[in-house]
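Descriptive structure summary
The primary structure of each chain is shown beneath.
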Amino acid sequence: MPALQFLGASGTVTGSKYLMEADGRRILVDCGLYQGLKALRLRNWERLPVDPASIDWVLLTHGHIDHSGYLPRLRKDGFKGRVLATRATADLLRLLLPDSGHLQEEEAAYHDKRGTSKHRPALPLYTEEEGRAAAEVVEGVAYDEPCGLAPGISVTFRRAGHILGSATIAVDLDHRGRMSRRVVFSGDLGRYGAPILPDPTPIGETDYVVVESTYGDREHSAEPIPVQLERVMTEAVARGGAVIVPAFAIGRTQELMYHLADLEKAGRIPRLPTYVDSPMAIHATEIYCAHPEEFEGDMRDMIMTRNCPLECADVRLARTPDESRAINSVTGPVLIISASGMVSGGRVLHHLKLRLPDPRTTVLLVGYQAVGTRGRQLQEGAKIIRIYGENVAVRARVETVHGLSAHADATALMRWLRTAGHPPRRIFVVHGDPGPAQALATRIDKELGWPVTVAACSNRVAIT
């Protein structure tokens, strides 16, 4: 009998891995790294409860590392099957997975230098080259076209609206001709009515749904994003300091640039010296502009006519370390967009270390800040944070713009679930901290009356 097992993103928002078994074949939907708290990151070193060599296919909903970043390790441990994702995701992974391997090597070198690893020498989870090799095996597929994996097993990728290339995945099973079952995985769902990307595609007919719950207990602000940005930027300019935006390189940076460009053109905010200090964000933006099939309406038309609104000549791109360091000497109002989005690493740490003690500085948080990250500490009002082993005083103003998150809020998650063609046999809630996951499950039960379960790690359930 077909079965579904939850190997990650249960009780937490990272490490997405869901194993389906049917007729002796195994499909892993998402293959993500755990991120955030050390206790979670240590799980990346644990062996999976199934032999990676026994997995036939990996299906990736999108490129974010908490959904894709375990793939090089899976291959290192014996996986030799096919990997499928949308075409844009396949392109993004050629950027993301080598970078993830590079960070793994940097972390190993850090621990080796300080003698804080139980291994001598300290070992990376995988290397940059292993990340690159893993990205090269990812097969790009089209949206909305069923893809047969084997007799009785097919999959369909549909738009999720989260980031470029993001998809929901429907897995159709015909168990030895006796029954047909469909399981739909939400991956990470985007917001309805967001700029750049289209809305999530309706679910349609399905028997089971595996749904994320990152924002399962909260709503995005009803205040329009441009209004929030206009207020924050106007006040920041009046203080005369830098505006530092820790932004995810893929998705958040591009949407932020889109909004800011619109505000500048309308004269609602002053035109500031603007730096994008993230080689990954720069490359990702180029990939965005190379995939017009991802967009609809005006955005698609602009890209097709080589007038992509994300490629702004007024934005200064810091590609090299020297170009990044040169930003340190820029005084007065300046906008610096740099990764990482949760302040967990990357070049943004250098800018914050220099400018956090200055009360004229504004730190603008534009997305979800996971427990245990520096971004969450700043959001909760920390007066001191640790950067590169040093205590850094936080005298800057910290602001949060709500609604720029690439995740659907609770109401949008419910809106998507209501697009199911008929009441599913069961909903499984995943990819959320315990509070949000349970809140969404309770809302599904009360408002829809559908059977719902908050998934538990390693729990295995039958698909009947």
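Residues numbered from 1 in each chain as written. Predicted model: local features only at pLDDT ≥ 70, side-chain atom pairs only at ≥ 80, totals over all residues. Heavy atoms only, no water.

1. Topic: the overall build of the chain
Looking only at helices and strands, the chain has 14 helices and 22 strands in total. Relative to a compact globule of 464 residues, whose C-alpha radius of gyration would be 23 Å, the chain shows 22 Å and is just as compact. Counting only C-alpha atoms, the chain reaches 70 × 55 × 45 Å along its principal axes. Here the chain, with 464 residues, has 58% of them falling under the buried criterion. Across the chain, every contact between residues at least 6 apart in sequence was considered, and the portion connecting residues at least 24 apart equals 74%. Per element, the accessible surface of the chain, about 18800 Å² overall, is 50% carbon and sulfur. (Helix = DSSP H or I, 4+ residues; strand = E, 2+ residues; numbered from the N terminus. Rg over C-alpha atoms; globule rule 2.2 N^0.38 Å. Buried < 20%, exposed > 50% of the residue type's maximum accessible area, 1.4 Å probe, protein only. Contact = heavy atoms within 4.5 Å. Areas by Shrake-Rupley, 256 points an atom, 1.4 Å probe, with all protein chains shown as cover.)

2. A closer look at a nonpolar patch on the surface
Taken together, the side chains of L42, W45 and L123 present a nonpolar region at the surface, about 290 Å² in accessible area. Topologically, L123 is positioned in the loop between helix 4 (87-114) and helix 5 (128-136). Since its relative accessible area comes to 44%, L123 is described here as partly exposed. (Patch = residues over 30% accessible without salt bridge, like charges linked within 9 Å, V, L, I, M, F, W, Y side chains within 5 Å. Salt bridge = Lys/Arg side-chain N within 4 Å of Asp/Glu carboxyl O.)

3. Details of the pattern of salt bridges
Evaluation of the coordinates by the stated rule reveals 30 salt bridges. Two residues, R132 and E128, come together in a salt bridge whose shortest N-O distance is 3.2 Å. With R132 and E128 both in helix 5, this residue pair falls 4 residues apart, about one helical turn. A relative accessible area of 34% means that R132 is categorised as partly exposed. A relative accessible area of 27% places E128 in the partly exposed class.

4. Regarding the sheet that holds strand 16 (residues 362-365)
Taking strand neighbours across the sheet as the criterion, the 6 strands line up as 14-13-15-12-16-19 in an open arrangement whose pairing is parallel. Sheet topology places strand 14 (315-317) and strand 19 (397-400) at the edges, where each strand pairs with a single neighbour. Recorded for the sheet is a direction-independent mean angle of 20° between the axes of neighbouring strands. Examined bridge by bridge, strand 12 (residues 242-246) and strand 16 share 2 bridges and lie parallel to one another. For I244, the partnering residue across the bridge sits in strand 16 and is V363. The strands touched by helix 7 (residues 252-265) are strand 12, strand 13 (274-277) and strand 15 (334-338); relative to strand 15, the strand with the most contacts, the crossing angle is about 160°. Against the sheet, helix 11 (residues 348-355) makes contact with strand 12, strand 13, strand 15 and strand 16, and its axis sits at roughly 145° relative to strand 12, the strand it touches most. (Pairing = 2+ DSSP bridges. Axes fitted to C-alpha atoms, helices over the stretch in contact; angles between N-to-C directions.)

5. Re helix 7
Residues spaced three or four apart along an α-helix face the same direction, because each turn holds 3.6 residues. Relative to the 20 Å expected for 14 residues at 1.5 Å per residue, helix 7 spans 20 Å between its end C-alpha atoms, a close match to the ideal helical length. Taken across its 14 residues, helix 7 has 11 buried, putting it largely inside the fold. Among the residues of helix 7, those classed as buried are R252, T253, Q254, E255, L256, M257, H259, L260, A261, L263 and E264. On its buried side, helix 7 packs onto helix 6 (225-239), strand 12, strand 13, helix 8 (279-289) and strand 15. Two residues or fewer past helix 7, G267 is found with a positive phi of approximately 75°. (Expected span 1.5 Å × (residues − 1).)

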